[in-house]
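# Results of the structural survey
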Amino acid sequence: EYTAGSLSTPKCLVDSKFMKVSLHEVKLPGSDSVINDWLWVDYHDRVNVLSQTTTNEFLVFEQTKYALEGRSSLAIVGGIVEPKEDPKETARREVDEELHQNCKDFIFLGRYRTDVNRGVGWLNSFLAVGCETHEHDKIASASDEAGQVGAADSETQVVKRISLK
């Protein structure tokens, strides 16, 4: 929970396995302005990975998700960094699980706050290169993932190949 700049102890509004939302009273840097109802969201660190195949195609998902309000979207692979897991290993695991790809290298592109004003966790971005399809050893069942924060979505995802040519 981030508290630097807070003028008082933050008030917890929501505390679940998915996130924590707190109400802060903050003084803005370089100003006398005080905001009494500043919302702060603590969320799990995540990864996003753009996967490039050995044939120089990029793999993305065409997807529908709850928050897209009935629209479809293109998205790269993403997932939650599990406790004590290195973000690079998370990137490798997510590409394996979601795309069934082994990749030669994962190039770290940076670590970013997803919302610098509200927190919302950190995003670790990677470019996976030299990716090739493999047989996936285990198909997870719903019972395997029950209660996990990073469990599979029930919305649709279809892998698309995109070329820059």
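Residues numbered from 1 in each chain as written. Predicted model: local features only at pLDDT ≥ 70, side-chain atom pairs only at ≥ 80, totals over all residues. Heavy atoms only, no water.

Not every positive phi belongs to a glycine, and Asn-56 is a case in point at roughly 60 degrees. Examined against the element boundaries, Asn-56 turns out to sit in the loop between β4 (46-53) and β5 (57-64). Looking at Asn-56, the relative accessible area reads 46%, which means it is partly exposed. (Helix = DSSP H or I, 4+ residues; strand = E, 2+ residues; numbered from the N terminus. Buried < 20%, exposed > 50% of the residue type's maximum accessible area, 1.4 Å probe, protein only.)

Glancing now at the environment of Cys-131. Along the chain, Cys-131 turns up in strand β10 (residues 119-133). Remark: the alpha-carbon pair of Cys-131 and Asn-102, spanning 29 residues in sequence, is separated by 5.4 Å. Residue contacts for Cys-131: discarding those within four places in its chain leaves Ser-51, Gln-52, Thr-53, Thr-54, Gln-101, Asn-102 and Cys-103. (Contact = heavy atoms within 4.5 Å.)

A few words on the environment of Gln-157. Here Gln-157 shows up in strand β11 (residues 157-163). Overall, the relative accessible area of 35% leaves Gln-157 in the partly exposed class. Note: C-alpha distance between Gln-157 and Thr-64 (93 residues apart in sequence) is 6.7 Å. If sequence neighbours within four positions are ignored, Gln-157 has contacts with Phe-61, Glu-62, Gln-63, Lys-65 and Glu-98.

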